[in-house]
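Each chain, written out:
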Amino acid sequence: MFNPRYKTLILITFLAFLHTACTTSPTGRSQMILKSDAELEAQASREFAKLRAEAPLVTDRATIDFVACVATNIVESLEGPEAKLNWELAVIDSQEQNAFVMPGGKMAVYEGILSIATNQDQLAAVIGHEVAHVTARHANERASRGEFTDIGVYIAAIVLGQGHSGLTHTAYEGLHAGAQLGIFLPHTRAQESEADVLGLKYMAKAGFDPRESVELWKKMQKEHEDDAPPEFLSTHPSSETRIEALISQYPSALALMNEAKAQGKNPNCTR
Ligand SMILES: [Zn+2]
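Computed from a predicted model, the values in this text were never measured in an experiment. (Residues numbered from 1 in each chain as written. Predicted model: local features only at pLDDT ≥ 70, side-chain atom pairs only at ≥ 80, totals over all residues. Heavy atoms only, no water.)

### Some thoughts on the pairing of strand β5 (residues 106–110)
To keep things clear, this is the line we draw: To sort residues, take the accessible area from a 1.4 Å probe on protein chains only and compare it with the maximum for the residue type: under 20% means buried, over 50% means exposed, and anything in between is partly exposed. Helical segments are the DSSP runs of H or I of at least four residues, strand segments are the runs of E of at least two, and each set is numbered from the N terminus. Pairs of strands are assigned from DSSP output, requiring at least two bridges between the strands.
Taking burial as the measure, the five residues of β5 include five buried ones, the bulk of the element. The alternating pattern of β5 places K106, A108 and Y110 and M107 and V109 on opposite faces, both of which are buried. With five bridges connecting them, strand β3 (residues 88–92) and β5 associate as parallel partners. In the sheet register, L89 faces β5, and the bridge partner there is M107. As consecutive antiparallel partners, strand β4 (residues 99–102) and β5 are separated by three residues, and within that stretch G104 has a phi angle of approximately 90°, a positive value.

What follows is the structure, encoded as structure tokens:
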């Protein structure tokens, strides 16, 4: 039989644990965060170094500069703790239309995305969305639900999951079969919607035109009618829902863009 005092102590400890675990995302959604950000970021940093060393990277200066220009404008407009991340970028030499991020601000953009994100504002929509997955700690949320235990597995799942691109897989050959499972675990609908809303805000705060996000999603929708969509065009929410949600954010996003422009933020990123 437990001493009631111990029971109370156990209950208090449990409540304290829950209190630590339940946090609020940047859009006010309650999140269960159980993993250490520092640990995930350290793993991500190692995996990103491996990716940069072993994946084929774009060498064309104009392409790298274009992507880096858009990404830099966005991350430099972040504020508060979000601005403190150590962002790094890899532009991958693959015609796949994709992009992904890792905790701590490690971002990979595939050259193929530029065939659809044809101007700086459309690319800003992609990058804003990906940046939002990081600032809203979506990987930690997934890890906390036990969806993956090692960020390497998570990343390999993303890289391999989109597949068929000619991307070298040597960096990930040693990973166990569990990596494959991650392929079937896209971000949740709540996470995708949140990344859309936050991403729109981030691009607007950097002076990019948020209305171009809808142009991008329309093109993506048309191009991926019949095949598996890239990470940021997951089927949940549907493209229509996604576009409607973005349009509903125009008033606040356009106000942010105008404010940014008044502050002299007029990005001019070209390829
Ligand atoms: Zn996404």
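### Details of the state of the cysteines
Stated precisely, the cut-off is as follows: Pairs of cysteine sulfur atoms within 2.5 Å are identified as disulfides in what follows.
In this structure the tally under the stated criterion is one disulfide. The disulfide that involves C69 links it to C269, with 2.0 Å between the sulfurs. As the torsion about the S-S bond is roughly -70°, the C69-C269 disulfide counts as left-handed. One end of the pair, C69, is in helix α3 (residues 61–75); the other, C269, is in the segment after α11 (250–262), and 200 residues separate them in sequence. Residue class for C69 comes out partly exposed when judged on its relative accessible area of 24%. Given a relative accessible area of 5%, C269 falls into the buried group.

### Notes on the packing of helix α8 (residues 189–205) against α11
What counts here: A fitted line through C-alpha atoms represents every axis, and for helices the fit uses only the stretch in contact; the resulting angles, taken between N-to-C directions, go from 0 to 180 degrees. For this classification, under 35 degrees means roughly parallel, over 145 means roughly antiparallel, 65 to 115 means roughly perpendicular, and everything else is oblique. Crossings are sorted by hand: turned counterclockwise from the far helix by less than a right angle, the near helix makes the crossing left-handed, and turned clockwise it makes it right-handed. In this analysis, two residues are considered to be in contact whenever any of their non-hydrogen atoms come within 4.5 Å of each other.
With their axes 7 Å apart at the nearest point, α8 and α11 run at an angle of 25° to one another. As summarised for this structure, α8 and α11 are arranged roughly parallel, according to the angle between their axes. In this structure, α8 crosses over α11, and the sense of that crossing is right-handed. Residues L200, K201, A204 and K205 of α8 touch α11, and the partners they reach there are A253, L256, M257 and A260.

### Some points on the pattern of salt bridges
To keep things clear, this is the line we draw: By convention in these notes, a salt bridge is any Lys or Arg side-chain nitrogen within 4 Å of a carboxyl oxygen on Asp or Glu.
All chains considered together, the criterion is met by 11 salt bridges. For R242, the salt bridge goes to E192, with nearest N and O atoms at 3.2 Å. On the criterion of sequence distance, the pair formed by R242 in helix α10 (residues 239–248) and E192 in helix α8 is long-range, its members being 50 residues apart. Side by side, R242 and E192 carry an identical accessibility label, which is buried. One continuous salt-bridge network, built from bridges that share partners, spans R29, E141 and E194.

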